[in-house]
Amino acid sequence: MRTWFSFLQVYKQKQFLHFFAQALNRVTSYESIADLLTVQIATIWRETSFLLFLPGEDDHVFQLYAALDADIPSQMRNISARGLLAWSLKQVRQPIWGTQLKERLEGHTLLEVEESLLECNQAALWVPFVFHSQIEGLLLVRPQSPSPRLEVFFQEMIPQCAAVLSNLRLIRTLRRQVCLLEENRAALDIAYQRILTTREEERQRLARELHDSPLQEILHCSALLSRIRTYPVEEQPLILERIQHHLLDVSDQLRVICSELYPSSLDILGLPMAMQSYVEKYPEFASIVELDVANEAYRMPVELSVHLFRIFQEALNNVRRHANATHIQVRLYIVEAMCHLTIQDNGVGFDVPASLPNLAAAGHFGLVGMWERVQAIGGQLRITSRRGEGTRIDVEVPLIGRRV
Ligand SMILES: Nc1ncnc2c1ncn2[C@@H]1O[C@H](COP(=O)(O)OP(=O)(O)OP(=O)(O)O)[C@@H](O)[C@H]1O
Ligand SMILES: [Mg+2]
């Protein structure tokens, strides 16, 4: 581009304008228009310095974008787009010499940066590129001596340059919006996948719960009912009583499943109270659970509460189903920005498998689920148990960086 511009020096001003306009039509970026407005023009107007200001990232400021044969102190490289200087240039809409601009602004209070910039560039031609009442850029052109030809050139070119600059700013805004949309979409995709997985996990869990307990009980009742006629008449009331007990058990199990599906008290009352109300709801726990909650635990981060509550639930249900314990101690406390939850029973204990996933492969999901939850919240899980010596579950979760 530099070469053909050099040739233009020999052409008359009209032809130069024509070629400049053609080059302007090919502009696709701030880089290329900056090159055109400084380096390329300098091939015609030699011994001239240029300072080009373009809208910054937030559009509230014009930043120095390109400088040719000119230096500028760092504190003058940003001009407020809402300041008096910008406002005044917007009204002028035409190239104006620094001295005239200074006169226009006489008696007005400018910002310190505006004042200094004006003072340093009184000998420059100020070219505001205004399009639809908006300044899209500002060029300060300082020739060796004031040149009317330069002024006329910019008078002719301002509308085109301003339109191109306006398009470039719109393109930049659109690009930013597209990026933002893509980022949001990616985040939504991840969130949606997580929701799907969690929903699937919950369904599997519910299916297991229903299959393992209530369904078996109902099948058992059905079997008893189908055989009832084969029993002597005097034994039949006893069988019916057994069936009734089983059905009451089933209703208890279904109630447990329902409350596990949505621990509403957790939202309203917080973790310690939700634990308390869970224990109180089940007589088999109320009589043997000792709940020891430290004061600070009442300010538990919300995002941890659900996970810790689920772990607590699973641990208690394991004790109920497997441990045959007479005492369960539950402790919740915070020490040095670590949250601790321990559930210890004095039941039959068991051999803790070396690999928890093996349990899942054998159809036991509770302990693996605990482990997964603890991983998800960046904590540690320890399961300690020996046959005949009870079981202890220890969860430790760091609180640093979490909203309390
Ligand atoms: N507190 C406990 N006391 C004794 N045994 C336990 C205790 N907790 C777990 N276990 C043993 O560990 C096994 C695995 O427990 P896990 O919670 O993973 O599965 P589950 O309770 O059998 O089934 P679910 O998938 O419904 O939880 C249990 O089957 C039981 O043998
Ligand atoms: Mg379990």
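Since we're looking at a predicted model, the values are computed, not measured.

**Regarding helix α3 (residues 30-42)**
Phase 1 of the analysis: In this model α3 runs 18 Å from its N-terminal to its C-terminal C-alpha over 13 residues, within 8% of the 18 Å that 1.5 Å per residue would give.
Phase 2 of the analysis: Residue L36 marks the point of greatest curvature in α3, where the axis turns by about 35°.
Phase 3 of the analysis: Those residues of α3 not exposed but buried are I33, A34, L36, L37, T38, Q40 and I41.

**Brief notes about unusual backbone geometry**
Phase 1 of the analysis: In this structure, R93 takes a positive phi of about 60° despite not being glycine.
Phase 2 of the analysis: Here R93 is to be found in the loop between α4 (84-92) and β4 (96-97).
Phase 3 of the analysis: Of note in this structure, E336 is not a glycine but carries a positive phi near 45°.
Phase 4 of the analysis: You can see E336 is positioned in the loop between β8 (328-335) and β9 (338-345).

**Points about the nonpolar core**
Phase 1 of the analysis: Counting 41 residues, the largest nonpolar core has L52, W126 and L138 as its most contacted members.
Phase 2 of the analysis: Put simply, the parts of the chain that give this core at least two residues each are α3, β1 (49-55), β2 (61-68), α4, β5 (125-131), β6 (134-142) and α7 (148-227).
Phase 3 of the analysis: Examining the composition of this core, we find that 8 residues originate from one element, α7, more than from any other.
Phase 4 of the analysis: The next biggest cluster of nonpolar side chains, apart from the first, holds 30 residues, and it includes V279, M300, L304 and I393.

**Points about the environment of H60**
Phase 1 of the analysis: Here H60 is to be found in the loop between β1 and β2.
Phase 2 of the analysis: Put simply, H60 and R82 are 22 residues apart on the chain and 6.7 Å apart in space, counted from C-alpha to C-alpha.
Phase 3 of the analysis: Apart from the residues within four sequence positions on either side, H60 is in contact with A81 and R82.

**Overview of the sheet that holds strand β10 (residues 380-385)**
Phase 1 of the analysis: Strand order in the open sheet formed by 5 strands is β7-β8-β9-β11-β10, and the pairing between neighbours is mixed. Among the strands making up the open sheet, the edge pair consists of β7 (289-293) and β10. For this sheet, the mean inter-axis angle between neighbouring strands, taken without regard to orientation, is 10°.
Phase 2 of the analysis: Contacting β7 and β8, helix α10 (residues 271-281) runs over the sheet at an angle of about 170° to β7.
Phase 3 of the analysis: The sheet strands contacting helix α12 (residues 302-323) are β8, β9 and β11 (391-398), and the helix crosses β9 at an angle near 10°.

**Examining the site of ligand 1**
Phase 1 of the analysis: The environment of ligand 1 is made up of 17 residues, and the closest members are N318, A323, H364, G366 and L367.
Phase 2 of the analysis: Of all the secondary-structure elements, those providing two or more residues to the shell around ligand 1 are α12 and α14 (366-376).
Phase 3 of the analysis: Per-element tally for the shell around ligand 1: the top contributor is α12, with 5 residues.
Phase 4 of the analysis: Taken together, the residues of the shell around ligand 1 sort by class into 7 nonpolar, 7 polar and 3 charged.

**A closer look at the domain arrangement of the chain**
In many analyses, interface size is given as the accessible surface area lost on bringing the parts together.
Phase 1 of the analysis: The domain boundaries assigned to the chain delineate domain 1 (2-181) and domain 2 (265-404).
Phase 2 of the analysis: Computed from C-alpha coordinates alone, the two centres of domain 1 and domain 2 are separated by 67 Å.

**Examining the confidence of the model for the chain**
Phase 1 of the analysis: Mean pLDDT over the chain: 87, with 93% of residues reaching 70 or higher.
Phase 2 of the analysis: The model gives residues 1-8 a pLDDT under 50, and that stretch makes 11 contacts with residues more than four places away or in other chains.

**A look at the pairing of β7**
Phase 1 of the analysis: In this structure, β7 lies alongside β8, joined through 5 bridges in parallel fashion. Bridging across to β8, L291 finds its partner in V330.

**Considering the pairing of β10**
Phase 1 of the analysis: Here 6 bridges tie β10 to β11, and the two strands are oriented antiparallel to one another. In the strand pairing of β11, S385 is matched with T391.
Phase 2 of the analysis: Between β10 and β11, which pair antiparallel in sequence order, lie 5 residues; one of them, G388, sits at a positive phi of approximately 85°.

**Thoughts on the environment of V127**
Phase 1 of the analysis: The residue V127 is located in strand β5 in this model.
Phase 2 of the analysis: According to the C-beta neighbour criterion, V127 is buried, with 26 such atoms within 10 Å.
Phase 3 of the analysis: As a C-alpha pair, V127 and F154 span 27 residues in sequence and 7.2 Å in three-dimensional space.
Phase 4 of the analysis: Discounting residues that sit within four places of it in the chain, V127 has contacts with P95, L138, L139, V141, F154 and I158.

**Observations regarding the packing of α10 against α12**
Phase 1 of the analysis: Relative orientation of the contacting elements α10 and α12 amounts to 25°, with a least axis distance of 10 Å. When the axis of α10 is compared with that of α12, the two are roughly parallel. Two packed elements cross with a definite hand, and for α10 against α12 that hand is right-handed. In this structure, α10 uses L271, A274, M275 and Y278 to contact α12, whose residues at the interface are S305, L308, F309, F312 and Q313.

Scoring rules and cut-offs
Residues numbered from 1 in each chain as written. Chains lettered and ligands numbered in written order. Predicted model: local features only at pLDDT ≥ 70, side-chain atom pairs only at ≥ 80, totals over all residues. Helix = DSSP H or I, 4+ residues; strand = E, 2+ residues; numbered from the N terminus. Expected span 1.5 Å × (residues − 1). Bend = angle between axes of the 7 residues up to and from the residue. Buried ≥ 20, exposed ≤ 12 C-beta atoms within 10 Å, placed from the backbone. Core = buried A, V, L, I, M, F, W, Y, C linked by C-beta atoms within 7 Å. Contact = placed C-beta atoms within 7 Å. Pairing = 2+ DSSP bridges. Axes fitted to C-alpha atoms, helices over the stretch in contact; angles between N-to-C directions. Near = placed C-beta within 6 Å. Nonpolar A, V, L, I, M, F, W, Y, C, P; charged D, E, K, R; others polar. Domains from an automatic or database assignment. pLDDT = per-residue confidence, 0-100. Parallel < 35°, antiparallel > 145°, perpendicular 65-115°, else oblique. Left-handed = near helix turned anticlockwise from the far one by under 90°.

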